[in-house]
Amino acid sequence: MTLQPLPPGTDGDTRLVRTSLPLVRNDPRDCPRGSAVRARPLVQQSPKRSRRKPVEDFALGPVMAALDSVEFDGASPETALADISRVRKYTPGHVSWARKAVYAYLAARHRSETERSIAGRPATLPVREEWTSCEELREPDARGALRYERTAWGRRYASEGGGERELWLPSFNSLKGDRPAEEIAEAASVLAIGTPSHAEFGDIHRPVPGSTALPHRVRVVGCGDGEYGVLADWDTARVEREFAAHAQPALARAVTGTATNPGSECVRCEALGGCTGLPRTPGLLGVPGPRRPRKRRSVSASDLRAYDCCPAFFHLTRVLHLKSPTPENEPIRRGRAVDAWLNQQHLKGRCADVALPQELPELAPDEQPTALAMIAEHVRACPLDELGPDEEVQVQKRLTAYDPELDTVIVADPDLLYTRYGGWVWHETKTASSPLWEGRPLLESYPQLALAVLLMCHGVPGGDPRRSLIELEVLYEDGSRCEEIDPGDPDTVAEARQVISRLAAPWAVDETYEPRPGDQCEGCEMLHHCAAGQSRVKAG
């Protein structure tokens, strides 16, 4: 991909190609063209967009800041944590989680250094400088690039003299043991050949003081929630082989992609303004933009429901993506297990004559009967069984739209999408232990249906709107119920707009995400990071 001419709605040039570890993961949910644009940091949206963050949206932000103070400035953990607690953009709940994460990380580092000593390996010390692999060309290549930079974010360590280097890759929650081979190989390669450097926003990496001695051995270490695991412990010859086999092909794909695949990553794409792969739905959320522009965001119906429950809970779980170590309750586990089986079966085809499972591996023995009965209820009347052979079926297809008035990417993941007589049917499946409450409007009970109405009446996913339909299938242990919603009915559209705008209006302008204590505090998965919620529970 040359990006010449530049994508519509962008400005800058393509002389610099810079890759990072996320770009080599080859995630099927990523957008190839978006990745290629991300790899060219001198290409920016025009006119420029706001990057203001009134509240931190990166979970590890305060953790990295505190660890920098401890490892580079000699501060005690308590002093470092006290300092970040005074930073306005870090919410109290975020700081509470960061406190636990900082102590867990330092404990893991101590255990790792003890193990190195026992094994006769040299101790490693923190390295402030970023290691970057840089290649300068004499003239632009076929991609229009004059300079290639390869980076690897994480926490850096090296032995005295630089003979060994380590890169620790923190995770938000538990240890990630499934990092792809291309990511590990790329991290190891940057460790092996990178030189100390630093880059300001919109500039190239420039050399900075630091040891330029190249190592003979590197380690890539994954860590999360106090646990750590060695992902690579290689000499430089092994690094070269792994890079050639895994990372090099992934890098080539990352910087040359041209296909579009709209999704959540659209929020960071500099070329979104001129992208034709993302439907424009101005005013879809029914609320005006905030008076003070802010960084582009994405939102889904489940996000809005979480915010309506409690802004602090929304920020911790939906923005920072923090998870509780406490196991999920039975209804959530059951719903997840049933959904997983149905999705797997629908990817194969219809449910007619399918052999019912004997058990679901995610559930305990006493949880099996209810879940299996729910699956049997669906199989009895699967909506795919009556489809003709030429109809299209999509399982968990991500739908994305863009509201330019709010500078917001709207995301939805229907359980099933299928065509029928020229229109699309949007099918949602829910598990429930009791019948729907008759006294509450359906769209209010399930805002994802209201959002589905608005997306379909805006032409997403397409097809003949007069033949489009939304279905809600509710599965019980001893029966099922199916509701149909016409997204073209004016009264239904008006009701959907009212539901979504009520939820979106406070979310759109909130810049603090204060807790909203209430009955929902009891059993909240983020309760241990919320002083207001703890007080509410204690007071009864």
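Residues numbered from 1 in each chain as written. Predicted model: local features only at pLDDT ≥ 70, side-chain atom pairs only at ≥ 80, totals over all residues. Heavy atoms only, no water.

Asker: Looking at this structure, I do not really get the overall build of the chain. What am I missing?
Answerer: The helix and strand tally for the chain stands at 14 helices and 20 strands. Its C-alpha atoms give the chain a radius of gyration of 25 Å, within 12% of the compact-globule value 24 Å for 540 residues. Looking at the chain residue by residue over its 540 residues, the buried ones come to 49%. A separation threshold of at least 6 residues defines the contact pool for the chain, and within that pool the share at least 24 residues apart is 71%. Counting 67 positive and 78 negative side-chain charges, the chain places the centres of these two groups 6 Å from one another. (Helix = DSSP H or I, 4+ residues; strand = E, 2+ residues; numbered from the N terminus. Rg over C-alpha atoms; globule rule 2.2 N^0.38 Å. Buried < 20%, exposed > 50% of the residue type's maximum accessible area, 1.4 Å probe, protein only. Contact = heavy atoms within 4.5 Å. Lys, Arg positive; Asp, Glu negative; His and termini not counted. Charge placed at Lys NZ, Arg CZ, Asp CG, Glu CD.)

Asker: Please clarify how helix α13 (residues 490-509) should be interpreted in this entry.
Answerer: Residues spaced three or four apart along an α-helix face the same direction, because each turn holds 3.6 residues. Taking 1.5 Å per residue as the helical rise, α13 with its 20 residues ought to reach 28 Å, and the 28 Å between its terminal C-alpha atoms agrees with that figure. Where α13 bends most, the angle comes to about 25°, and this point is Ser-501. Three or more residues of α13 are buried, namely Thr-492, Val-493, Ala-496, Val-499, Ile-500, Ser-501, Leu-503, Ala-504, Trp-507 and Ala-508. (Expected span 1.5 Å × (residues − 1). Bend = angle between axes of the 7 residues up to and from the residue.)

Asker: What am I meant to see in the sheet that holds strand β9 (residues 195-198) here?
Answerer: What links the strands of a sheet is backbone hydrogen bonding, and the strands pair in either a parallel or an antiparallel sense. Taking strand neighbours across the sheet as the criterion, the five strands line up as β2-β6-β5-β9-β10 in an open arrangement whose pairing is mixed. In the strand order of this sheet, the two ends are held by β2 (16-19) and β10 (206-207), each with one partner. Contacts from helix α5 (residues 181-193) reach β2, β5 (130-136), β6 (147-151) and β9, with the element oriented near 110° to β6. (Pairing = 2+ DSSP bridges. Axes fitted to C-alpha atoms, helices over the stretch in contact; angles between N-to-C directions.)

Asker: What am I meant to see in unusual backbone geometry here?
Answerer: Outside of glycine, negative phi angles account for most residues, and trans bonds account for most peptide bonds. Cis geometry is found at the peptide bond from Ser-46 to Pro-47, where omega equals -5°. Following the sequence through the fold, Pro-47 ends up in the loop between β3 (43-45) and α2 (61-73). Residue Pro-461 follows Val-460 across a cis peptide bond; omega there is 10°. As for its position among the elements, Pro-461 is in the loop between α12 (447-457) and β19 (469-476).

Asker: Any chance you could explain the side chain of Arg-294 here in plain terms?
Answerer: Considering the arrangement of structural elements, one finds Arg-294 in the loop between α6 (236-256) and β13 (297-299). Buried charge without a partner: Arg-294 forms no salt bridge, and the closest opposite charge is Glu-511, 4.6 Å away. A polar atom in the side chain of Arg-294 sits 2.8 Å from the backbone oxygen of Asp-510. Only 3.4 Å separates the side chain of Arg-294 from the side chain of Tyr-513, close enough to count as a polar contact. (Salt bridge = Lys/Arg side-chain N within 4 Å of Asp/Glu carboxyl O. Polar contact = N/O pair within 3.5 Å; in protein donor to acceptor, adjacent residues only side chain to side chain.)

Asker: Explanation requested: the packing of α12 against α13 in the structure shown.
Answerer: Packed helix pairs are characterised by how far apart their axes lie and by the angle those axes make with each other. Closest axis-to-axis distance for the α12/α13 pair is 9 Å, and the angle between their directions is 120°. Judged by the inter-axis angle, α12 sits oblique to α13. The two elements α12 and α13 cross, and the hand of that crossing is left-handed. Seen from α12, the contacting residues are Pro-447, Ala-450, Leu-451, Val-453, Leu-454 and Cys-457; seen from α13, they are Thr-492, Val-493, Ala-496, Arg-497, Val-499, Ile-500 and Leu-503. (Parallel < 35°, antiparallel > 145°, perpendicular 65-115°, else oblique. Left-handed = near helix turned anticlockwise from the far one by under 90°.)

Asker: Where do I start with the pattern of salt bridges in this structure?
Answerer: Applying the stated criterion across every chain yields a total of 48 salt bridges. Note that Arg-38 and Glu-265 form a salt bridge whose closest N and O atoms lie 3.6 Å from each other. Residue Arg-38 is found in helix α1 (residues 32-38), and its partner Glu-265 is found in the loop between α6 and β13; the two are separated by 227 residues along the sequence. One salt bridge connects Lys-100 with Asp-225, and the closest N-O pair in it is separated by 2.7 Å. Here Lys-100 is found in helix α4 (residues 92-118), whereas its partner Asp-225 is found in the loop between β11 (217-224) and β12 (227-235), with 125 residues between them in sequence. You can call Lys-100 partly exposed: its relative accessible area is 40%. Each of Arg-109, Glu-113, Arg-116, Arg-121, Glu-164, Glu-166, Arg-217, Arg-219 and Asp-233 takes part in salt bridges that share partners, so that together they form one network.

Asker: Honestly, the nonpolar core in this entry has me stumped. Any pointers?
Answerer: Here is a general trend for soluble globular proteins: nonpolar side chains tend to be buried in one another's company. The biggest cluster of nonpolar side chains holds 74 residues, and the ones touching the most others in it are Leu-285 and Trp-426. Setting aside residues up to four positions removed in sequence, Trp-426 forms contacts with Leu-399, Ala-412, Pro-414, Leu-416, Leu-417, Ala-452, Leu-455, Met-456, Leu-469, Ile-470 and Glu-471. Ala-337, Leu-342, Val-379 and Leu-384 belong to the second-largest nonpolar core, a separate cluster that totals 21 residues. (Core = buried A, V, L, I, M, F, W, Y, C linked by side-chain atoms within 4.5 Å.)

Asker: Even after reading the chapter, I still don't get the packing of aromatic side chains, so can you show me in this structure?
Answerer: Between two aromatic rings, the relevant description is the distance of the centres plus the angle of the planes. In the structure shown here, the tally under the stated rule is eight aromatic pairs. Centroid distance Phe-58 to Trp-153: 5.9 Å. Interplanar angle 70°. Geometry classified as edge-to-face. Note that Phe-58 is positioned in the loop between β3 and α2 and Trp-153 in the loop between β6 and β7 (155-159), a separation of 95 residues in sequence. Phe-58 gets classed as partly exposed once you look at its relative accessible area, which sits at 31%. The partly exposed category is assigned to Trp-153, whose relative accessible area is 41%. Chaining the aromatic ring pairs together yields one cluster made of Tyr-105, Tyr-157, Trp-168 and Tyr-228. (Phe/Tyr/Trp six-rings, centres within 6.5 Å; stacked < 30°, edge-to-face > 60°.)

Asker: Honestly, the environment of Arg-109 in this entry has me stumped. Any pointers?
Answerer: By secondary structure assignment, the location of Arg-109 is in helix α4. Owing to a relative accessible area of 7%, Arg-109 belongs among the buried residues under this scheme. Along the backbone, Arg-109 and Glu-227 are 118 residues apart, and their C-alpha atoms lie at a distance of 9.6 Å. Residues within four places of Arg-109 in sequence aside, it is in contact with Thr-124, Tyr-157, Glu-166 and Trp-168.

Asker: Just to check I follow, could you spell out the pairing of strand β20 (residues 479-485) for this structure?
Answerer: The side chains of a regular strand alternate between the sheet's two faces. Across seven bridges, β19 lies against β20 in antiparallel orientation. When the bridges of β20 are listed, Ile-470 appears paired with Ile-485. In this structure, the hairpin formed by β19 and β20 is closed by a connection of two residues.

Asker: Just checking my understanding: could you explain the sheet that holds strand β15 (residues 399-403) for this structure?
Answerer: Pairing in this open sheet of three strands is mixed, and the strands run β13-β16-β15 from one edge to the other. The open sheet terminates on both sides in strands that have one partner only, identified here as β13 and β15. Strand-to-strand twist of the sheet, defined as the mean angle between neighbouring strand axes without regard to direction, takes the value 25°. Examined bridge by bridge, β15 and strand β16 (residues 408-412) share five bridges and lie antiparallel to one another. Its bridge partner lying in β16, Ala-401 is registered against Ile-410.

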